[in-house]
Amino acid sequence: MAASQTSLAEKMMVLLEAGNDCLTRMYHVKAEVTNDARPVFLTEKTYARVVESMVRKFPENDPGLDRIQGAETVRANARDFLEQLQPHYLVFKDQLEWREAAIDVLGEVSKKVNQLLMSLNPFMTRFFLDLMVMYIRVHILMRSVADRKALLSMFSLCHKIKNNENEPNYNRVSLYVVEFENPFKRIQTEFADFSAKIGATLIALKPSLDKMFNLQVLRKDALLSLTVNPDQLTHPAQEPFQFEATLTSHYYAWVLFGFLFIPEQFLNPQPILMVKSMLSEGFLVELHRDVSEPIHADYE
């Protein structure tokens, strides 16, 4: 692997690790605002009008507090709310910074690497497709946090009450949340510059995909058999397909999430066949832990 490609691979590895951290932290935000310990301003009627006004005017951070019932209660609890919400706010802020780095690297790889093939540069190909899927997962999971606007608005409001100034990054963070209100349209737009590279990379997986999910072929070729060549059991795997077979769940996500965000590739018949094949394998694609995306509904 050339030095330039090594550098890109290292960047993607770092971003994949950081992206998984983003997923975990956003997952916890989602869990905390849906369980019994959710912030009091989301549950008590005292705050209902303040929260309603903030969400309606989002991303503005000045809901005209003095004119809203419940304002004094917010002022009295601003310090406590600020301490409670700051970790949540930092999740969105850090994810914004990750997103900016990730989309830049995806674009850089698509421009600087001529071909992404499992037979030519398997690790570079895997990292690229994994980062693409990570980018998608992160933003679909963020969209699933139903009270994200209320959390960010209340944090900004309490910061302004206690510090007499706006939080410096709030405008960027709130705009980010607005831009990804519909992550499907937004990501399709962002991927447009390198959709051809994603499409070519995914289509090149079709021969392995056809073999990987065809039980008759696997049996015929004895590719996963432990008894056909028992003397080879202790030897390292030599067949490239044996490496690819360890990535079955990755292939599933690559194809279903990948083609979903580059719909122009369906002018080619191969993506249609690949997606139909993968849709027959399941109804959900994992986002993080027990949260999944109903992928069939996305393709309807």
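The structure under discussion appears in the preceding block.
The residue count restarts for each chain, going from 1 along the sequence in the order it is written. The predicted origin of the model limits local features to residues at a pLDDT of at least 70 and limits the giving and counting of side-chain atom pairs to 80 or more, whereas totals for whole chains, interfaces and linings rest on all residues. Side-chain measures were taken over the full set of non-hydrogen atoms in the model, leaving aside hydrogen atoms and water.

**Student:** When you look at the overall build of the protein in this model, what are you seeing that I'm missing?
**Tutor:** Of regular secondary structure, the protein possesses 15 helices and two strands. If one aligns the C-alpha atoms of the protein with their principal axes, the spans along those axes are about 75 × 40 × 40 Å. Residue burial in the protein is summarised as follows: out of 300 residues, 47% are buried. Residue contacts follow a heavy-atom distance rule, with two residues in contact if any of their heavy atoms lie within 4.5 Å. Contacts in the protein between residues far apart in sequence, at least 24 positions, make up 77% of those at least 6 positions apart. Segments assigned H or I by DSSP are reported as helices when at least four residues long, segments assigned E as strands when at least two residues long, and all are numbered from the N terminus. Only protein chains enter the accessibility calculation, which uses a 1.4 Å probe; a residue whose area is less than 20% of its type maximum is buried, one above 50% is exposed, and one in between is partly exposed.

**Student:** Can you help me understand the pattern of salt bridges in this one?
**Tutor:** Proximity of charged atoms lets side chains of opposite charge pair with each other. Counted as salt bridges are all cases of a side-chain nitrogen of Lys or Arg within 4 Å of a carboxyl oxygen of Asp or Glu. Inspection of the entire model under this criterion finds 16 salt bridges. With a shortest N-O distance of 2.7 Å, Asp147 and Arg38 are connected by a salt bridge. Within this pair, whereas Asp147 is found in the loop between helix 5 (122-143) and helix 6 (148-163), its partner Arg38 is found in the loop between helix 1 (3-32) and helix 2 (48-57), the two being separated by 109 residues in sequence. Classification of Arg38 by relative accessible area gives partly exposed; the value is 25%.

**Student:** Is there a simple way to think about unusual backbone geometry in this case?
**Tutor:** Trans peptide bonds make up the majority, and among non-glycine residues the majority have a negative phi. In the segment running from Phe58 into Pro59, the intervening peptide bond is cis, with an omega of 10°. One can find Pro59 in the loop between helix 2 and helix 3 (71-76). Phi at Asn164 is positive, roughly 60°, even though this residue is not glycine.

**Student:** What is the right way to look at the packing of helix 4 (residues 78-112) against helix 6 in this model?
**Tutor:** Each pair of packed helices gets described by two things: the angle between the helix axes and the distance between those axes. What counts as an axis is a line fitted to C-alpha atoms, over the stretch in contact for a helix, and the angles between N-to-C directions run from 0 to 180 degrees. It is at 8 Å that the axes of helix 4 and helix 6 come closest, and there the two elements cross at 130°. When the axes of helix 4 and helix 6 are compared, the pair comes out oblique. Like other packed secondary-structure pairs, helix 4 and helix 6 cross with a definite hand, here left-handed. Only Arg148, Leu151, Leu152, Met154, Phe155, Cys158, His159, Ile161, Lys162 and Asn163 of helix 6 make contact with helix 4, whose side of the interface consists of Ala78, Arg79, Phe81, Leu82, Leu85, Gln86, His88, Tyr89 and Phe92. Charged means Asp, Glu, Lys or Arg here, nonpolar means Ala, Val, Leu, Ile, Met, Phe, Trp, Tyr, Cys or Pro, and polar covers whatever is left, Gly included. When grouped by side-chain class, the residues that make up the contact of helix 4 with helix 6 number 12 nonpolar, four polar and three charged. Geometric relationships in this document are graded by angle, where less than 35 degrees denotes roughly parallel, more than 145 denotes roughly antiparallel, 65 to 115 denotes roughly perpendicular, and other angles denote oblique. Crossings are sorted by hand: turned counterclockwise from the far helix by less than a right angle, the near helix makes the crossing left-handed, and turned clockwise it makes it right-handed.

**Student:** Hey, could you run me through the nonpolar core in this one?
**Tutor:** One recurring pattern in soluble globular proteins is that nonpolar side chains are buried together. Buried Ala, Val, Leu, Ile, Met, Phe, Trp, Tyr and Cys residues that are joined via side-chain atoms within 4.5 Å together make up what is termed a nonpolar core. In this structure, Met154 and Phe191 are the most contacted members of the largest nonpolar core, which totals 98 residues. In contact with Met154, not counting residues within four places along its chain, are Phe41, Val50, Val51, Met54, Val74, Phe81 and Leu85.

**Student:** Help me understand the packing of aromatic side chains, please; the structure alone is not making it clear to me.
**Tutor:** Working definition: an aromatic ring pair is given by the centre-to-centre distance plus the angle between the planes. Here a Phe, Tyr or Trp ring, Trp counted by its six-membered ring, pairs with any other such ring whose centre lies within 6.5 Å, and the pair is stacked when the planes are under 30 degrees apart, edge-to-face when over 60, and tilted otherwise. All told, the structure shown has 13 aromatic pairs when counted by the stated rule. Centre to centre, the rings of Phe123 and Phe127 are 6.5 Å apart; their planes meet at 45°, and the pair counts as tilted. A residue pair is termed a helical-turn pair when its members lie 3 or 4 positions apart in one helix, as Phe123 and Phe127 do in helix 5 at four residues. Aromatic ring contacts, followed pair by pair, group Trp98, Tyr135, Phe184, Phe191, Phe194 and Phe261 into a single cluster.

**Student:** What is the right way to read the side chain of Gln265 from this model?
**Tutor:** With respect to the helices, strands and loops of the structure, Gln265 is situated in the loop between helix 13 (248-260) and helix 14 (269-279). Among residues more than four places away in sequence, those in contact with Gln265 are Ser195, Ala196, Gly199, Phe259 and Pro271.

**Student:** Before we go on, may I ask you to explain helix 2 in this structure?
**Tutor:** Each α-helix winds once per 3.6 residues, and so residues spaced three or four apart point in a common direction. All buried positions along helix 2 are accounted for by Val50, Val51, Ser53 and Met54. Along the axis of helix 2, the buried residues cluster in a sector spanning 160°; they form a single face. Exposed positions of helix 2 whose direction lies more than 90 degrees from the buried face are Arg49, Glu52 and Arg56. Packed against the buried residues of helix 2 are helix 3 and helix 6. Read the arc as the range of directions from the helix axis to the C-beta atoms.

**Student:** Help me out: how do you make sense of helix 14 in this one?
**Tutor:** Pro271, Met274, Val275, Met278 and Leu279 are the residues of helix 14 that are buried. Projected down its long axis, helix 14 carries its buried residues within an arc of 130°, all on one side. Those residues of helix 14 that are exposed and angled more than 90 degrees off the buried face are Pro269 and Lys276. For the purposes of these results, a polar contact is taken to be a pair of N or O atoms within 3.5 Å, where, inside protein, one atom must be able to donate a hydrogen and its partner to accept one; residues adjacent in sequence count only when each atom of the pair is a side-chain atom. You can read the cap of helix 14 off the contacts: a side-chain oxygen lies 2.9 Å from the backbone nitrogen of Gln270, and it is on Asn268.

**Student:** Any chance you could explain the side chain of His288 here in plain terms?
**Tutor:** Relative to the elements of secondary structure, His288 occurs in strand 1 (residues 284-288). Of note is the side chain of His288, whose polar atom sits 3.2 Å from the side chain of Thr24. When sequence neighbours within four positions are dropped, the list of residues in contact with His288 reads Asn20, Leu23, Thr24, Tyr27 and Leu141.

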